[in-house]
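Summary of the model geometry
The lines below spell out each chain.
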Amino acid sequence: MSDYILEIEHLTKTYPGVTALDNMTLKVRAGEVHAIVGENGAGKSTLIKSITGAIVPDSGSITFDGHRHSHMTPKGAQDIGIGVIYQEFNLVPGLSVAENIFLGSYAKERGLIDFKYMNQKATEAMRSIGVQLDPSQSVASLTVGHQQIVEILRSLVKNIKLLIMDEPTAPLTASEVRQLFEIIQSLRQRGVTIIYISHRLEEIFALAGRVTIMRDGQYIKTLDTAQTSKQELIRYMVGRELSNKFPERELPLGEEVLRVEDLTGNGVENISFDLHKGEILGFAGLLGCGRTETIELLYGARKKDSGKIFLNGKEVRIASTSEAVELGLGLVPEDRKRTGAFLYSSIRWNISIGCLKKKLMKHNLIVDTKKEQALAENYREKLRIRTPSLDQLVANLSGGNQQKVVVAKMLAMDAEILIFDEPTRGIDVGAKQEIYQLIRNLVNEGKSVIMISSEMEEVLGLSDRIVVLHEGHQMGILERGQFSQERVLTLASGVRE
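Scope of this entry: the structure provided in the associated data block. (Residues numbered from 1 in each chain as written. Predicted model: local features only at pLDDT ≥ 70, side-chain atom pairs only at ≥ 80, totals over all residues. Heavy atoms only, no water.)

1. Focus on the nonpolar core
In terms of nonpolar packing, the biggest core is built from 69 residues, with L258, F273, L298, L329, I351, F420 and I450 touching the most fellow members. Those residues in contact with F273, other than ones at most four positions away along the chain, are L258, R259, V260, L281, F283, T294, L298, I450, V467 and I477. Among the nonpolar cores identified, the runner-up in size contains 48 residues, and I85, M126, I194 and V211 belong to it. (Core = buried A, V, L, I, M, F, W, Y, C linked by side-chain atoms within 4.5 Å. Buried < 20%, exposed > 50% of the residue type's maximum accessible area, 1.4 Å probe, protein only. Contact = heavy atoms within 4.5 Å.)

2. Let's talk about helix 8 (residues 230-238)
Those residues of helix 8 that sit buried are E232, L233, I234, M237 and V238. Among the structural elements, strand 3 (33-37), helix 7 (201-207), strand 11 (210-215), strand 12 (218-224) and helix 16 (429-444) are those in contact with the buried residues of helix 8. Count one or two residues on from helix 8 and you reach G239, which has phi positive near 75°. (Helix = DSSP H or I, 4+ residues; strand = E, 2+ residues; numbered from the N terminus.)

3. Quick notes on the sheet that holds strand 11
Spatially, 6-9-10-3-11-12 is the arrangement adopted by the 6 strands of the open sheet, whose pairing is mixed. A single partner strand is all that each edge strand has here, and the edge strands are strand 6 (82-85) and strand 12. Direction aside, neighbouring strands of the sheet carry axes that sit 20° apart on average. Inspection of the sheet shows strand 6 paired to strand 9 (residues 162-166) by 4 bridges, in the parallel sense. When the sheet's bridge partners are listed, I82 is paired in strand 9 with L162. Lying over the sheet, helix 1 (residues 44-52) contacts strand 3, strand 6, strand 9, strand 10 (193-197) and strand 11, oriented at roughly 150° with respect to strand 9. (Pairing = 2+ DSSP bridges. Axes fitted to C-alpha atoms, helices over the stretch in contact; angles between N-to-C directions.)

4. Examining unusual backbone geometry
Glycine aside, residues mostly have negative phi angles, and peptide bonds mostly take the trans form. Positioned with a positive phi, D216 is a non-glycine residue whose angle comes to about 55°. Exposure remark for D216: the relative accessible area of 56% places this residue in the exposed category. Located in the positive-phi region is E422, a residue other than glycine, with phi close to 55°. In this structure, E422 sits in the loop between strand 21 (417-421) and helix 16.

5. Some words on the environment of V144
Mapping V144 onto the fold places it in helix 5 (residues 144-156). By relative accessible area, V144 is classed as partly exposed at 34%. Counting along the chain gives 77 residues from V144 to H67, while the straight-line C-alpha distance between them is 36 Å.

6. Comments concerning the side chain of Q148
Examined against the element boundaries, Q148 turns out to sit in helix 5. Setting aside residues up to four positions removed in sequence, Q148 forms contacts with I85, F89, P168, L172 and L180.

7. A look at the pairing of strand 14 (residues 268-276)
Look at any regular strand and the pattern is simple: side chains alternate between the two faces of the sheet. Note: strand 13 (residues 256-265) against strand 14, 6 bridges, orientation antiparallel. Along strand 14, the bridge assignment pairs L258 with L275. Hairpin connection between strand 13 and strand 14: a loop of 2 residues separates the two successive antiparallel strands, and N266 in this loop has a positive phi of roughly 55°.

8. Digging into the packing of aromatic side chains
Enumeration over the complete set of coordinates arrives at 3 aromatic pairs. A ring pair is formed by F246 and Y436, whose centres lie 4.9 Å apart and whose planes are at 35°; its orientation type is tilted. Here Y436 lies in helix 16 and F246 lies in the loop between helix 8 and strand 13, a separation of 190 residues in the sequence. By relative accessible area, which is 15% here, F246 ends up buried. Overall, the relative accessible area of 2% leaves Y436 in the buried class. An angle of 85° between the planes, with centres 5.2 Å apart, marks the rings of F273 and F283 as edge-to-face. In this pair, F273 is assigned in strand 14 and F283 in strand 15 (residues 280-284), connecting sequence segments 10 residues apart. F283 matches F273 in its accessibility class, with the two residues each being buried. One residue, R235, lies across the ring of Y236, its end atom 5.7 Å from the ring centre. (Phe/Tyr/Trp six-rings, centres within 6.5 Å; stacked < 30°, edge-to-face > 60°. Lys NZ or Arg CZ within 6 Å of the ring centre and 35° of its normal.)

9. What about the side chain of S61?
Here S61 shows up in strand 4 (residues 59-64). Within the structure, S61 has its side chain in polar contact with the side chain of R68 (distance 3.5 Å). With sequence-adjacent residues up to four places away left out, S61 is seen in contact with E7, I8, E9, L11, R68 and H69. (Polar contact = N/O pair within 3.5 Å; in protein donor to acceptor, adjacent residues only side chain to side chain.)

10. Some points on the environment of I183
Along the chain, the position of I183 falls in helix 6 (residues 174-189). With a relative accessible area of 2%, I183 lands in the buried category. Along the chain, I183 and I129 lie 54 residues apart, while their C-alpha atoms are 5.9 Å from each other. In this view, I183 contacts I129, V131, I149 and I152; residues no more than four positions away in its chain are not counted.

The structure is reproduced here in structure tokens:
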């Protein structure tokens, strides 16, 4: 018997113009937590879909539990004990916890669904991994963390042998992450093998015994986590050394461009700060502290109860997002896929859509396609958007390049103040450095940036000053010489200095 529950050999998958998997190999030991890392576009998603039967590879083989397959099917993969939890859950919100756990395989008695039996079995499954949920509760009423647990339980009741987790902590709070880690250890003790995919390298070292690096659809190396380092992983992932992670300021701050006085509403109270030309003003705080809520008031997405906003010394009233844009504010939202970009439209269209009337219309009727192409080409070069064509769909770009397209759209609309809400969420380490350099380049050109980030290192490394919030209240503004992780966390916890 092999020590390996899963063996991938010479797996290849091509799409028109793209080789997503290139002779990929992988060996996963039974009962281990095995991490897979790589930049966006490295082929991780294609590999997962091949293992679970969502796509059929062009060549190669998948050997699972001693049986060799040329390809999988979704049902066939489930039947032999392979489960997957994607970043976007496959749950039915209107059904109960138990109904979702047994979806597609309801227990029946005399032709009727046996809810009592399903609730009992769901409770037993929860108990086995140390969690408590009401099996009759609607999934729609659960937190994201609890919805993820339902996904895990769905696999568990099917006697899963291998569970693949794709960026499982991306939407979770810190306490939910800790609970997930405990569940993973519980699953491992039961003999379940875990393949764990994450951009957060600290999680890899906390959970996995081994880690496989992918790059450009190819297998690069498998390392024991106890015998490697973050820097070594990054070097293998990007194929080069990364230096100057947080680019230094080149120019002094300019005059005040924005002042907010006692902004109140949308769950926050008496928020006051100013922003200068060429400055990066960070917003820090724990989940639910009011960072995004403050920005929604500033950007006109929510109505303020009171307070004043001044742009270049003049008081303005921003009643809508369109008014914010007209005044030179641009928002790069946290969820770029849902609210930042039109995924199934071209890069060119995404960049130009916000300024058609202002810059690209001929006789107020027809789009000047030459001007539109030139505009999009200018921002492709300036922001280094990697694409073979501006007609490429945004959905086909990596996370980092999608983020650049959203920034390009705001710059094309003449934004002078750019608001970045979680600018590097879901972006790999190499692309993160590019986004950091992009933000620094923008302020060096005289733009001003407000940045919300949950990553402490990011806030401390990029910001010129940091506004710290706690439960809708402003706890303080730190100057760069006052920065420290302990100081930010103290304020964010509600303790004033």
